[in-house]
Amino acid sequence: MDNIAGQNQGGRVLVNITVLILVLLWLLPTIGLFVSSFRDRDQISNSGWWQAPFAVDLNFRTRVATDGAREEGGVFIIEGNVFADPALASEFPEGGVVSAYGTRAVEPGEFSAGDQSELRGGGTVVINTDGSFRIETPEELTRGPTLYFEARTPPKFTLANYNTVLFADGMDRAFINTLTVTIPATIIPILIAAFAAYALAWMDFPGRGLLIAAVVGLLVVPLQLALVPLLRLHTDIGIGQSFLGIWLAHTGFGLPLAVYLLRNYMVGLPRDIIEGAKVDGATDFQIFVRIILPLSFPALASFAIFQFLWTWNDLLVAKVFLPSGAASQVMTVKIADDLLGSRGGDWGILATAAFVSIAVPLLVFFTMQRYLVRGLLAGSVK
Amino acid sequence: MPPVLQGILTILIGVGGCVGYFYFSNLVLDKVIFPAKGPQAGRNINRANQVRPWLFLFPAMFALGLYLAYPVVGSFWRSLFDRSGANFIGLGNYIDLFSESSFRTAVFNNLLWVLFVPAAATFFGLLIAQLTDRLSWGNIAKSLIFMPMAISFVGASLIWKFVYSANPDIGIINAIRTSIGLVALDPLQVRFWNNFFLMFILVWIQTGFAMVILSAALRGIPEETVEAAIIDGANPFQVFFKIKVPQIIGTIVVVWTTITILTLKVFDIVYTMTGGNFGTHILPSYMMTYMFRDDGRATAVAFVIMILVLPVMIWNIRQARKEMR
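Residues numbered from 1 in each chain as written. Chains lettered and ligands numbered in written order. Predicted model: local features only at pLDDT ≥ 70, side-chain atom pairs only at ≥ 80, totals over all residues.

Q: Could you give an account of the overall build of chain A, with specific residues and numbers?
A: Scanning chain A from N- to C-terminus turns up 16 helices and nine strands. Taken over C-alpha atoms, the radius of gyration comes to 33 Å for chain A, far larger than the 21 Å a tight globule of 382 residues would show. Projecting the C-alpha coordinates of chain A onto the three principal axes gives extents of approximately 115 × 70 × 35 Å. For chain A, with 382 residues in total, the buried portion stands at 45%. Sequence separation of at least 24 residues holds for 70% of the intrachain contacts in chain A that already meet a minimum separation of 6. (Helix = DSSP H or I, 4+ residues; strand = E, 2+ residues; numbered from the N terminus. Rg over C-alpha atoms; globule rule 2.2 N^0.38 Å. Buried ≥ 20, exposed ≤ 12 C-beta atoms within 10 Å, placed from the backbone. Contact = placed C-beta atoms within 7 Å.)

This is how it looks when you write it as structure tokens:
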């Protein structure tokens with residue numbers, strides 16, 4: 001195809017642009033999450049993450065003090081600056097720019113800065129762009145009015161979300177629980193499957209073909225079927241909902257793929273080496289440990305990555321086989337059942353929690369992509 | 001005991017137990033039951049070698065049998081009983097389910113998922129594999145599109161919750177809608193189409209998988225066939241559809257069926273995004289509404305999923321047997 005594209009400069013450009021658009025489409029949602037996790041809470045709810053690098057109009061309110069009022073020709077006047085409010089001073093250390101203001105909470109940006117407007121209960125008010133305001137009332141005010149205004153706020157990035165998620169929201173516990181589920185659930189099936197795969201690939205015994213067909217068949221059994229009978233079984237034999245239970249479950253569910261992948265790989269190892277070792281008097285156990293395991297490292301690594309990602313990302317098995325209390329919640333359950341309910345509107349927290357939960361898989365993915373691809377190819381391309 | 005320590009200890013016990021089983025069972029077999037010494041050394045070695053495959057296979061077979069084979073039967077059996085598990089009601093659960101309109105919606109939606117997700121993921125995967133094939137930055141592009149594979153369904157759902165948010169200051173879709181003068185709406189509450197918005201999340205995840213495999217298959221096509229077609233005056237589309245696609249059709253089928261199977265299992269997306277509201281239930285999420293409440297119904301739904309998977313399972317076994325010959 002490149003012969004043709006090479007002749008046709010326009011086609012080349014078109015291909016580049018199409019791929020660029022597709023990559024952006026695939027990447028943007030994740031970038032949005034990443035950017036949002038670093039944004040200030042007020043900024044998230046007032047401008048989209050794509051506007052994160054720009055200043056944003058945020059709403060503020062200030063209560064005008066009445067003690068500075070003076071009388072001028074029958075009118076009471078209060079003057080001041082909204083940015084002088086001690087509660088807002090930290091937000092605007094060098095003053096700010098008011099773009100709009102209002103006198104009612106429901107419409108904080110009703111009037112443009114500099115335009116005079118009527119005050120409820122008589123009188124007029126104006127806020128200028130530099131924040132200075134002037135209130136004129138026919139009678140002396142006993143209670144200062146509350147002024148609402150919109151001001152440009154510079155982009156603000158913060159680690160506060162991470163602080164909340166990691167140290168206050170129980171996500172640290174969930175992170176450790178996820179690790180506790182994941183690591184044994186990755187290593188144990190590899191060990192078991194490697195021995196079985198060796199037997200299926202290099203040992204002669206009756207019924208071998210049938211067993212391989214059975215493994216291929218079990219590859220697609222939906223694990224929904226296993227939930228009820230196995231939870232029942234776990235309860236009956238005293239394991240119940242526990243870490244031990246979920247390790248066993250993950251081991252069982254991961255085994256078909258593990259045996260299948262590893263057997264496919266081991267069958268392709270050179271026959272000479274194995275037979276040579278047998279002639280030299282090595283036992284099957286020795287051959288397995290000294291020759292097969294080291295040679296199968298790429299396949300073991302690919303399956304390890306699969307199983308790791310799968311157990312780390314799993315929600316269903318964790319929901320069923322682990323108790324639902326905070327002490328044993330894994331991150332996916334924590335996010336789906338806990339945070340989405342209790343902090344459904346707190347986008348900063350949600351984004352951060354999601355990012356914390358996908359950070360480790362992403363790291364594994366980008367550092368070990370080669371093995372992952374190799375494993376996928378071994379499992380699917382025939 | 002702090003949880004970290006507890007975790008490490010259990011890891012050591014679990015892994016140690018596994019290694020220990022294989023090591024000591026082989027040791028016992030070789031040294032105690034059939035020792036390779038004394039007058040019957042030769043016979044003992046042969047006998048030990050007959051037993052050893054089963055020693056190697058036992059844990060895997062046991063776990064597979066218990067965790068995957070037994071549940072097929074166990075679930076079916078349980079689905080024939082009522083909620084309490086004491087009364088045999090035959091196909092009662094199935095009949096009740098099919099009379100529920102929400103179940104029929106779930107079946108219908110699930111069929112939509114099974115048709116749309118594998119088709120779209122394979123299409124995008126093939127498209128991207130072909131387009132990036134000779135691109136100088138093709139590998140980077142592929143790596144980035146492959147990335148969602150590593151993200152959990154829950155994480156992906158959250159990512160897309162941001163995209164789909166009804167608030168134009170959070171959801172980019174509604175931001176675009178409002179900027180061109182349309183009213184903001186919640187895409188997830190648009191009946192019927194909301195299913196497709198959910199499906200797209202899975203397409204987003206699975207396209208990378210399809211792309212990686214199809215890209216390798218495309219590279220495996222003999223160069224001569226493509227060159228010959230070009231010399232004969234085929235345009236790029238003809239080369240792609242008439243020369244390349246027919247040669248990788250086997251791989252396309254494998255990718256398609258693999259994604260189909262996955263699609264039938266994914267419950268996380270619906271659960272996290274809509275909880276099955278607004279007519280978006282699919283069978284796996286529908287099953288979870290009965291899980292912990294009515295085991296009879298839950299297993300019946302699970303068995304319906306199994307029936308949907310069955311054709312692919314049979315096809316897979318046939319293919320595997322063909323290859324072994």
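Q: Can you explain the sheet that holds strand S2 (residues 70-72) of chain A? Please cite residues and give values.
A: The strands that make up a sheet pair up through hydrogen bonds in the backbone, lying either parallel or antiparallel. Residues and elements named next belong to chain A. Strand order across the open sheet formed by five strands is S2-S3-S8-S7-S6, with antiparallel pairing between neighbours. Only two strands of the sheet have a single neighbouring strand rather than two, namely S2 and strand S6 (117-118). Across three bridges, S2 lies against strand S3 (residues 75-81) in antiparallel orientation. For Glu71, the partnering residue across the bridge sits in S3 and is Phe76. (Pairing = 2+ DSSP bridges.)

Q: With reference to specific residues and values, describe the domain arrangement of chain B.
A: All names here are of chain B. Each assigned domain of chain B is listed here: domain 1 (3-79) and domain 2 (94-324). For domain 1 and domain 2, the distance between their C-alpha centroids amounts to 38 Å. Facing the five residues of domain 1 at the interface are seven residues of domain 2. Classifying every residue of the side of domain 1 that touches domain 2 by side-chain character gives two nonpolar, two polar and one charged. (Domains from an automatic or database assignment. Nonpolar A, V, L, I, M, F, W, Y, C, P; charged D, E, K, R; others polar.)

Q: Give me the lowdown on the environment of B:Gln40, citing residues and values where you can.
A: All names here are of chain B. Within the secondary structure, Gln40 is located in the loop between helix H1 (3-33) and helix H2 (41-79). Exposure remark for Gln40: the 13 C-beta atoms within 10 Å place this residue in the partly exposed category. For the pair Gln40 and Ser25, spaced 15 residues apart in the sequence, the C-alpha separation amounts to 21 Å.

Q: I'd like a description of the nonpolar core, backed by residues and values.
A: One finds A:Ala193, A:Ala196, A:Tyr198, A:Val259, A:Leu262 and B:Val301 to be the most contacted residues of the largest nonpolar core, which totals 179 residues. When residues in this core are grouped by element, the largest group, 20 residues, is from helix H6 (residues 171-202) of chain A. Leaving out residues up to four positions away in the same chain, B:Val301 has contacts with B:Leu97, B:Leu283, B:Tyr286, B:Met287 and B:Tyr290. Core analysis: the second largest hydrophobic core is formed by 20 residues, A:Phe60, A:Phe83, A:Ala100 and A:Ala113 among them. (Core = buried A, V, L, I, M, F, W, Y, C linked by C-beta atoms within 7 Å.)

Q: Could you give an account of the packing of H6(A) against H2(B), with specific residues and numbers?
A: Direction vectors running N to C along H6(A) and H2(B) enclose 125°, while the axes themselves pass 8 Å from each other. By the angle between their axes, H6(A) is oblique relative to H2(B). As H6(A) packs across H2(B), the resulting crossing turns out to be left-handed. Residues A:Ile192, A:Ala193, A:Phe195, A:Ala196, A:Tyr198 and A:Ala199 of H6(A) form the contact with H2(B), whose participating residues are B:Pro53, B:Phe56, B:Leu57, B:Pro59, B:Ala60 and B:Ala63. Here the residues of the contact of H6(A) with H2(B) are counted per class, giving twelve nonpolar, no polar and no charged. (Axes fitted to C-alpha atoms, helices over the stretch in contact; angles between N-to-C directions. Parallel < 35°, antiparallel > 145°, perpendicular 65-115°, else oblique. Left-handed = near helix turned anticlockwise from the far one by under 90°.)

Q: Give me the lowdown on the pairing of strand S9 (residues 146-153) of chain A, citing residues and values where you can.
A: All names here are of chain A. Counting buried positions along S9 gives six out of eight residues, so the element sits mostly inside the fold. Bridge count between strand S1 (residues 56-63) and S9: eight bridges; the pairing is antiparallel. Each residue of the ladder has a partner; that of Phe60, found in S9, is Phe149. When strand S4 (residues 98-102) meets S9, the two strands line up antiparallel, connected through four bridges. From the neighbouring strand, Gly102 faces S9, where its bridge partner is Tyr148.

Q: Describe the packing of helix H2 (residues 9-37) of chain A against helix H6 (residues 153-164) of chain B, naming the residues involved and giving the relevant values.
A: Interaxial distance between H2(A) and H6(B) falls to 9 Å at its minimum, and their mutual angle equals 90°. Put simply, H2(A) runs roughly perpendicular to H6(B). Along its contact with H2(A), which presents A:Pro29, A:Thr30, A:Gly32, A:Leu33 and A:Ser36, the element H6(B) presents B:Leu158, B:Ile159, B:Trp160, B:Phe162 and B:Val163. Tallied by class, the residues present in the contact of H2(A) with H6(B) amount to seven nonpolar, three polar and no charged.

Q: Run through the sheet that holds S4(A), naming residues and quoting values.
A: Residues and elements named next belong to chain A. Here four strands make up an open sheet; going across it, the order is S1-S9-S4-S5 and the pairing antiparallel. On the outer flanks of this sheet lie S1 and strand S5 (111-112), each paired with one strand and no other. Summarising the sheet, S4 and S5 pair through two bridges and their orientation is antiparallel. Looking across to S5, one finds that Tyr101 is bridged to Phe111.

Q: Which residues make up the interface of chain A and chain B, and what values do they have?
A: A common way to express how large an interface is: the accessible area buried when the components associate. Contacts between the two partners involve 95 residues from chain A and, on the opposite side, 95 residues from chain B. Among the elements that take part in the side of chain A that touches chain B, H6(A) stands out by supplying 15 residues, more than any other. In the side of chain A that touches chain B, the residues fall into 69 nonpolar, 22 polar and four charged.

Q: Which residues make up the pairing of strand S8 (residues 132-137) of chain A, and what are the values?
A: Residue and element names in this part refer to chain A. Note that S3 and S8 share six bridges and pair antiparallel. Of the residues in S8, the one forming a bridge with Asn81 is Ser132. Where strand S7 (residues 124-127) meets S8, four bridges bridge the pair, whose relative direction is antiparallel. Counted as the bridge partner of Thr124 is Glu136 from S8. Hairpin remark: S7 followed by S8, antiparallel, with four residues in the connecting loop; positive phi at Gly131, about 100°.

Q: I'd like to hear about the environment of A:Gln224, residue by residue, with values.
A: Residue position: A:Gln224 is located in helix H8 (residues 224-236). Residues A:Gln224 and A:Leu316, spaced 92 residues apart in sequence, show a C-alpha to C-alpha distance of 8.6 Å. Apart from residues no more than four positions distant in its own chain, A:Gln224 is found in contact with B:Lys265, B:Pro284, B:Met287, B:Ala302 and B:Ile305.

Q: Break down the domain arrangement of chain A for me, citing the residues and quoting the values.
A: Domains assigned within chain A are domain 1 (2-52), domain 2 (56-153) and domain 3 (162-380). A separation of 42 Å is found between the C-alpha centroids of domain 1 of chain A and domain 2 of chain A.

Q: Go over the confidence of the model for chain A, please, and point to the residues and values.
A: Counting all residues, the mean pLDDT for chain A is 83, and 96% of those residues have values of 70 or more. Long-range and interchain partners of residues 1-6 of chain A, a stretch whose pLDDT sits below 50, account for ten contacts in this model, where long-range means more than four residues apart. (pLDDT = per-residue confidence, 0-100.)

Q: If you had to explain unusual backbone geometry to someone new, which residues and values would you point to?
A: Across the chain, the bulk of peptide bonds are trans and the bulk of non-glycine residues have phi less than zero. All names here are of chain B. Residues other than glycine seldom take positive phi values, yet Phe192 does so here, at roughly 70°. Here Phe192 is to be found in the loop between helix H7 (172-179) and helix H8 (193-219). Looking at Phe192, the number of C-beta atoms within 10 Å reads 11, which means it is exposed. In this structure, Phe278 is a non-glycine residue whose phi angle is positive, near 60°. As for its placement among the helices and strands, Phe278 is situated in the loop between helix H12 (268-273) and helix H13 (283-290). When the 16 C-beta atoms within 10 Å are taken as the criterion, Phe278 is described as partly exposed.

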